[in-house]
Amino acid sequence: MKAVTPTPEIPEELPILPLREFVMFPYMVLPIFVSREKSIAAIEDALAGDRLICLVAQRDPDIEDPEPDDLHRVGTVSMVMRILRLPDGRVKALVQGLTRAEVQSYVSGERADRVCVQALAADSETNWCVEVEALVRSVRVRIEEILPYKNLPPEVFSITANVEEPGRLADLVASNLRMRMPDAQAILESIDPVARLRKADSFLRRELEVTTMQAEIQSQAKEEISRSQREQYLREQLRAIQVELGDADPRAEEAEEYQAKIDEAGLTAEALEEATRQLHRLERMHPDGPEAQVVRTYLDWLVELPWTRSSPDELDLNSAREILDSDHAHLDRVKDRILEFLGVRKLRNDSRGPILCFVGPPGVGKTSLGRSIARAMGREFIRVSLGGVRDEAEIRGHRRTYVGALPGRLIQGLKQAGTNNPVFMLDELDKLGADFRGDPASALLEVLDPEQNSKFSDHYLNVPVDLSKVFFITTANQLDPIPGPLRDRMEVIRLAGYTPEEKSEIARTYLIPKQMEEHGLPVDRVRWSDSSLKRIVTDYTHEAGVRNLERQIASVCRKAARRAAEGNESDVQVNTKNVTRYLGPPTFIPDDPQRAGEVGVTNGLAWTEAGGDVLRIEALMTKGRDLMLTGQLGDVMKESCHAALTYARWFVPQMGVDEMHLMRHQVHIHIPAGAIPKDGPSAGITIATAIISLASDVPIRGDVAMTGEVTLRGRVLPVGGVREKALAAHRAGINCVILPKKNFDDLAEIPAEVKKKIEFIPVSHMDEVLEHALERPSGKRKTRKSYPGRGPTPGPVAHAKNR
């Protein structure tokens, strides 16, 4: 054996350069690219001295600024032969490994770190023996066999054929065959040359087996295969190689990850069975196939649903009441219902969530009330708008056979909430549609049925999902468009409009502080007088809610904000006189009812989606015999006009009017605002009064408004929307309202300040209506006659409330 080159003189302290991608070996000449500032400074320090530098591999190549513990203890002392500075700021250095060295300690510097090293003993001359000779020959043979597979230049074999020292041969093998960093570092740290060569031989043997296996896999492939088959074949090669190298199989890792998620998700028995079945399917599929992605998406939905995660309810009723009162004024009936549910929940934890339906005009706080309820109960809040939804799949989801299929909005909302007991608001329920894709309202029958929603089936998931813990709240402007079976499943709570006084209170308590904060103004920057708020409510808004009122307040705040931004920090006073300066001329000029009596003109009360309204009903007689109706009236209202005319023809002879008077003339009934559709039977007594007034030439009191359905025999039947109609009369300045006697119990819902200003007169027959509505009698009335073939006029009969 030849003698080994003696170890050069190594200083005790050298600059250190961490390596991220490879291990440096003695006798190795290699260009390296340096980009880290400390590494560049280390090369510059080496050039400034004896050109020696210590190259040490990092334990984790992803660490950008390694600490001493992040580096291996054994490195290679190398010589910087030359450097080249690149335009992008990096430095290309050509280095040559000299000898192994062990790092003793680290010395931090301002520009570059330095280390105290101790050179390890150079390979001593190895005595010849059979084992060493066999190892050397074995390594040379394996290098020759592996060269074609690794695409290495033939010079590698010629170099190794001339090396006799076992240690140097091992270093050459490790530096030329692109070993993994842990294997290369193990060879570098091996001091005994024979042991080092054994490790190199073991690596060559394993690598040769892998490449041979690769050749066998390649030999089994067909000559002509499609692109997709080729991709699958190459991935199978990669998988076989990873198995031979002992690396983890990506498919196995994915399956283990999904199995762990399934175990943690707390699935029901049906969901667990389906998830396990789909996971086994995924394991047998090609990972890049389209069906595999469908299965992954399905499993992701299953494991991310809150099967067992619930948010604890806040059962402090006093605290819940404070939260509800702080967010909304009035609405006592709704607040009491929520507190009742919390009280039951406090006594029984497994009580089902209620299903409420808030019905009322826009702007009264239906949607915001849902958020307030969720906050009071300590639950998550999810809102789904159903306006314009026509596809049943929006509720039940799409089947997985369709491309891009997803669960319905209910399952999506549960996933978004992260709990299985959120407050779930289905907004605009009355705006649902239906077409050839199905009827969403019918799909909601299962969702909103407490007896069925514990086993809700979504078409996408195809497993039962428990919705019984969800607090469902639906909202609507009117009940009529909602199908009867769906309406029967909900507890309907009506939210009527606000009185002007209530609007003023809400504006001062809630709307003004909110808008001042949103516009960045101090609380006391804008000062509002009570009279200014009242004028804004009456002259600039005409609604049951407060949405438009908030816009008007925001308009004033914007002008105050602009004024402050221009440098004027003085307070803004808003009073009755200067409201027009901020909001312009009044938008709504109240149409005051006719105070003086007028023949054939009555004030009727109507219910609309925006609350109540006062309708001026006019009747006039002209030449002709037919009944003419104008004002875009619906079928029910037209029938009510015919019934009123028939009753009037029967009644007017009792007032001393020729019974043929109405027969010889055409009666024209008109209800102004002809662009607005109108329907319902509640204007019956109003129309009858107008016709009788017209026929008898007796004026009708202008300060009276009325509502009620009339029959052919003059009975007055109950109607709906009494609260909204009363508020409309209050807004119009009417001080007397005639309404059916059976509606008198509904007055309990009317605010006290309205009852003080309006006299409510209950009636059960048209005689009573005329007694209070007509200004003076026209002649002496006759005794009411009986109907042919019957006794006296029967009394009122039970009748369902309607509009």
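Residues numbered from 1 in each chain as written. Predicted model: local features only at pLDDT ≥ 70, side-chain atom pairs only at ≥ 80, totals over all residues. Heavy atoms only, no water.

J.: Whenever I open this one, the sheet that holds strand β13 (residues 491–494) confuses me. Can you help?
T.: Each strand in a sheet pairs with its neighbour through backbone hydrogen bonds, running either in the same direction (parallel) or in the opposite one (antiparallel). Ordered by their spatial adjacency, five strands build an open sheet running β8-β9-β12-β7-β13, and the pairing between neighbours is parallel. Each edge of the open sheet is held by one strand with a lone partner, namely β8 (381–385) and β13. Between one strand axis and the next, the sheet turns through 20 degrees on average, direction left out of account. Direction of pairing for β8 relative to strand β9 (residues 423–427): parallel, over a ladder of five bridges. Residue pairing in the sheet places Ile-382 in a bridge with Phe-424 of β9. (Pairing = 2+ DSSP bridges. Helix = DSSP H or I, 4+ residues; strand = E, 2+ residues; numbered from the N terminus. Axes fitted to C-alpha atoms, helices over the stretch in contact; angles between N-to-C directions.)

J.: Honestly, helix α11 (residues 317–327) in this entry has me stumped. Any pointers?
T.: For the α-helix, the turn length of 3.6 residues means that residues three or four positions removed from each other point alike. All of the buried residues in α11 are Ala-320, Ile-323 and Leu-324. Viewed end-on, α11 has its buried residues packed into an arc of 95 degrees, placing them on one side of the element. Counted as exposed and oriented over 90 degrees from the buried face of α11: Asn-318 and Glu-322. The secondary structure elements touched by the buried residues of α11 are α12 (332–347) and α13 (366–377). Two to three positions downstream of the cap, the backbone nitrogen of Asn-318 sits 3.2 Å from a side-chain oxygen, assigning the N-cap of α11 to Asp-316. (Buried < 20%, exposed > 50% of the residue type's maximum accessible area, 1.4 Å probe, protein only. Arc of directions from axis to C-beta. Contact = heavy atoms within 4.5 Å. Polar contact = N/O pair within 3.5 Å; in protein donor to acceptor, adjacent residues only side chain to side chain.)

J.: Help me understand the side chain of Thr-76, please; the structure alone is not making it clear to me.
T.: Along the chain, the position of Thr-76 falls in strand β4 (residues 74–85). At 2.6 Å, the side chain of Thr-76 and the backbone oxygen of Met-24 are in polar contact. Setting aside anything within four residues of it in sequence, one finds Thr-76 in contact with Met-24, Phe-25, Pro-26, Ile-53, Cys-54, Leu-55, Gly-97, Leu-98, Thr-99 and Leu-188.

J.: Please explain the side chain of Asp-746 as it appears in this structure.
T.: With respect to the helices and strands, the residue Asp-746 is situated in the loop between β23 (736–740) and α25 (752–757). Within the local environment of Asp-746, its side chain forms a polar contact with the side chain of Asn-743, the two groups lying 2.9 Å apart.

J.: What exactly am I supposed to notice about a nonpolar patch on the surface here?
T.: Together, Val-29, Met-79 and Met-81 give the surface a local cluster of nonpolar side chains, amounting to about 230 Å² of exposed area. Note on placement: Met-81 falls in strand β4. By relative accessible area, which is 36% here, Met-81 ends up partly exposed. (Patch = residues over 30% accessible without salt bridge, like charges linked within 9 Å, V, L, I, M, F, W, Y side chains within 5 Å. Areas by Shrake-Rupley, 256 points an atom, 1.4 Å probe, with all protein chains shown as cover. Salt bridge = Lys/Arg side-chain N within 4 Å of Asp/Glu carboxyl O.)

J.: Explanation requested: the nonpolar core in the structure shown.
T.: Most often, soluble globular proteins have nonpolar side chains that are buried together. Formed by 54 residues in total, the largest nonpolar core has its most connected members in Leu-461 and Phe-472. It is helix α10 (residues 290–304) that provides the largest number of residues to this core, a total of seven residues. Those residues in contact with Phe-472 that lie beyond four places of it in its chain are Pro-354, Ile-355, Leu-356, Leu-410, Phe-424, Leu-426, Val-447, Leu-448, Asn-453 and Leu-467. (Core = buried A, V, L, I, M, F, W, Y, C linked by side-chain atoms within 4.5 Å.)

J.: Even after reading the chapter, I still don't get the confidence of the model for the chain, so can you show me in this structure?
T.: Interpretation of this model should avoid reading the predicted coordinates in detail wherever pLDDT is low. Summing up the model confidence of the chain, the mean pLDDT is 83 and the portion of residues at 70 or higher is 90%. This stretch, residues 1–5, has a pLDDT under 50; its non-local contacts, to residues over four places away or in other chains, come to 13 contacts. Counting contacts from residues 778–803, a segment whose pLDDT is below 50, to residues more than four positions away or on other chains yields 63 contacts. (pLDDT = per-residue confidence, 0-100.)

J.: Please clarify how helix α1 (residues 37–48) should be interpreted in this entry.
T.: If you check α1, its first and last C-alpha atoms are 16 Å apart, about what 12 residues at 1.5 Å a residue would give, namely 16 Å. What α1 keeps buried is the set Ser-39, Ile-40, Ala-41, Ala-42, Ile-43 and Ala-46. In this structure, the buried side of α1 is in contact with β1 (13–19), β2 (29–34), β3 (52–57), β4 and β5 (91–107). (Expected span 1.5 Å × (residues − 1).)

J.: Would you explain the packing of helix α23 (residues 684–696) against helix α26 (residues 766–773) in this entry?
T.: Describing two packed helices takes the angle between their axes plus the distance from one axis to the other. Where α23 contacts α26, the two axes come as close as 11 Å, and the packing angle between them is 60 degrees. Here the hand of the crossing between α23 and α26 comes out right-handed. Contacts between α23 and α26 pair Ile-685, Ala-688, Thr-689 and Ile-692 from the former with Met-766, Val-769, Leu-770 and Ala-773 from the latter. Across the contact of α23 with α26, the residue classes break down as seven nonpolar, one polar and no charged. (Left-handed = near helix turned anticlockwise from the far one by under 90°. Nonpolar A, V, L, I, M, F, W, Y, C, P; charged D, E, K, R; others polar.)

J.: Which parts of the structure should I look at to understand the pattern of salt bridges?
T.: Close approach of charged atoms allows side chains with opposite charge to pair. Tallied over the full model, the rule gives 42 salt bridges. Here Arg-205 makes a salt bridge to Asp-201, at a shortest N to O gap of 3.0 Å. Of this pair, Arg-205 and Asp-201 both sit in helix α6 (residues 193–219), four residues apart, which is roughly one turn of that helix. Judged by its relative accessible area of 36%, Arg-205 is partly exposed. In this structure, Asp-703 engages Arg-701 in a salt bridge whose closest nitrogen and oxygen atoms are separated by 3.3 Å. Accessibility expressed as a relative area gives 19% for Asp-703, which makes it buried. Accessibility expressed as a relative area gives 26% for Arg-701, which makes it partly exposed. What you see here is one network of salt bridges that share partners, running through Arg-321, Asp-325, Asp-332, Lys-335 and Asp-336.

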